[in-house]
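# Architecture at a glance
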Amino acid sequence: MKYGNGRKMKRWFCGICAAFVGMVIAAIMICIIFFPKNGDRVITPVKKPKVTETTNIRKINRDGGEEQKEYTKKRQIEARKDKKGNLKFTITIEDFIEDYNKYYHRDKGADYILPYSEWYSYIQDFGKHTGRVHYEYTADKKMWTLPTITIYTLQNEKAIRELTVNFDDHSYTKVMYQKYEELCFYTLKVFYPDLSDKEITKLYKRLNRLAYKNIFPNAKGFDSGNPPSNLFYREGIGVYPYFAYGESVRLCFVPVTPKVIHKLEKRGTIVHCIE
């Protein structure tokens, strides 16, 4: 009888020990899975939230300092009439500089155009822009063959009335002409930001070919008010080539309306709609 009870006690004790060992092993496994050693931690990837794509660029202050500017959308440029019924763009000279530098900085890593206070300027007293402020920018004032940008505004405001990109063909060099094409490219990018780079390149090359194909006599120079040979337009923004003997080759940007376009057509200008 005593012998049978001893066997039962032995079995009971072994069962207790087995259960205890099982619990210890389970605890060790839990520690290994949920509490790994330093350096062996399992990092669960965190899904990044969706953000609006932005571009940070440098903007040059008038004092020569820099500040960061963030762009999240393209500027809408339209043609508007002033109180006297004259057309102007909804973009100012400051807006143009800002947008030009945005696209240029994206590709080149630096700004190209300085604030308009650094530009050469005067009140024009001749031609179709008489009484308006003539602003002209060159990246190097000592290099007189360098292509330039000209902007015309009223004396009491900065809204652009006309903008031209200018190339001195009489001092032609391949390097300077390539620089002129670069100015044409980025200026078109400002006014037609939704066009692809390929479309913009195709457009300025076509415009410049038309400039050389349709050279006017000096008496019908740019400031004479003579209508251009061709005008390309879309949504109130017109662009035309102009070249007269003794003057620079120009790519010109003007605000237009259906009425203006119709008048130019009647005067012999060939009109093209930019799709």
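As a starting point, this report considers the structure included with it.

### So, the overall build of the chain
Scanning the chain from N- to C-terminus turns up 5 helices and 12 strands. Put simply, the chain has 275 residues, and 41% of those count as buried. Look at the contacts in the chain between residues 6 or more apart in sequence, and 56% of them connect residues 24 or more apart. Split by element, the accessible area of the chain, about 17,300 Å² in all, is 56% carbon and sulfur.

### Thoughts on the layout of surface pockets
In this structure, the largest pocket spans a volume of roughly 800 Å³. Every residue lining the largest pocket is counted, 26 residues in all, and those nearest its centre are Leu87, Val254, Pro255, Val260 and Leu264. Within the residue set of the lining of the largest pocket, elements represented by two or more residues are β10 (237–242), β11 (249–255) and α5 (258–266). In the lining of the largest pocket, the residues fall into 12 nonpolar, 6 polar and 8 charged.

### Let's talk about the sheet that holds β11
Pairing within the open sheet is mixed, and its 8 strands lie in the order β5-β6-β7-β8-β11-β10-β9-β12. For this open sheet the edge positions go to β5 (120–123) and β12 (270–273), each flanked by a neighbour on one side alone. Here the strands of the sheet are splayed against their neighbours by 20° on average, with no regard to which way each runs. Sheet topology places strand β7 (residues 148–153) next to strand β8 (residues 162–167); 5 bridges connect them, and they run antiparallel. Among the inter-strand pairings, Ile149 is bridged to a residue of β8, identified as Val165. Sitting on the sheet, helix α2 (residues 93–108) touches β6 (133–137), β7 and β8, and the angle it makes with β7 is about 150°.

### Considering α2
Over its 16 residues, α2 extends 22 Å from the first C-alpha to the last, a length consistent with the 22 Å expected when each residue adds 1.5 Å. With 12 of 16 residues buried, α2 is to be regarded as a mostly interior element. Three or more residues of α2 are buried, namely Ile93, Asp95, Phe96, Ile97, Glu98, Asp99, Tyr100, Asn101, Lys102, Tyr103, Tyr104 and His105. Directly after α2, the chain includes Gly109, whose backbone phi takes a positive value near 80°.

### Thoughts on the packing of aromatic side chains
Per the stated rule, a full pass over the model turns up 24 aromatic pairs. Measuring from centroid to centroid gives 6.1 Å for Tyr112 and Tyr137, while their planes differ by 80°, and the two rings are edge-to-face. Taken together, the positions of Tyr112 in the loop between α2 and β5 and Tyr137 in strand β6 put the pair 25 residues apart, joining distant regions of the chain. For the pair Tyr112 and Tyr137, a shared accessibility class is recorded, and that class is buried. In textbook terms, an aromatic cluster arises when at least three aromatic residues are bridged by ring pairs, as seen for Phe89, Phe96, Tyr100, Tyr104, Tyr112, Trp119, Tyr137, Phe185, Tyr186, Phe191 and Phe253.

### So, helix α3 (residues 174–191)
If you check α3, its first and last C-alpha atoms are 26 Å apart, about what 18 residues at 1.5 Å a residue would give, namely 26 Å. Most of α3 sits out of view: 15 of its 18 residues are buried.

### Quick notes on the packing of α2 against α3
One way to put it is that α2 packs onto α3 with a least axis distance of 9 Å and a crossing angle of 115°. α3 is crossed by α2, and the crossing has right-handed handedness. Touching Phe96, Asp99, Tyr100, Tyr103, Tyr104, Arg106, Asp107 and Lys108 of α2 are Lys179, Glu182, Leu183, Tyr186, Thr187, Lys189, Val190 and Phe191, all from α3.

### A look at unusual backbone geometry
Backbone geometry places Glu235, a non-glycine residue, at a positive phi of 50°. Here Glu235 lies in the loop between β9 (230–234) and β10.

Procedures and definitions
- Residues numbered from 1 in each chain as written.
- Predicted model: local features only at pLDDT ≥ 70, side-chain atom pairs only at ≥ 80, totals over all residues.
- Heavy atoms only, no water.
- Helix = DSSP H or I, 4+ residues; strand = E, 2+ residues; numbered from the N terminus.
- Buried < 20%, exposed > 50% of the residue type's maximum accessible area, 1.4 Å probe, protein only.
- Contact = heavy atoms within 4.5 Å.
- Areas by Shrake-Rupley, 256 points an atom, 1.4 Å probe, with all protein chains shown as cover.
- 1 Å grid on protein atoms, 1.4 Å probe; cavity = no way out; pocket = protein on both sides within 12 Å on 5 of 7 lines; lining within 4 Å.
- Points joined across faces, edges and corners; volume = space filled by probe spheres on them.
- Nonpolar A, V, L, I, M, F, W, Y, C, P; charged D, E, K, R; others polar.
- Pairing = 2+ DSSP bridges.
- Axes fitted to C-alpha atoms, helices over the stretch in contact; angles between N-to-C directions.
- Expected span 1.5 Å × (residues − 1).
- Phe/Tyr/Trp six-rings, centres within 6.5 Å; stacked < 30°, edge-to-face > 60°.
- Left-handed = near helix turned anticlockwise from the far one by under 90°.

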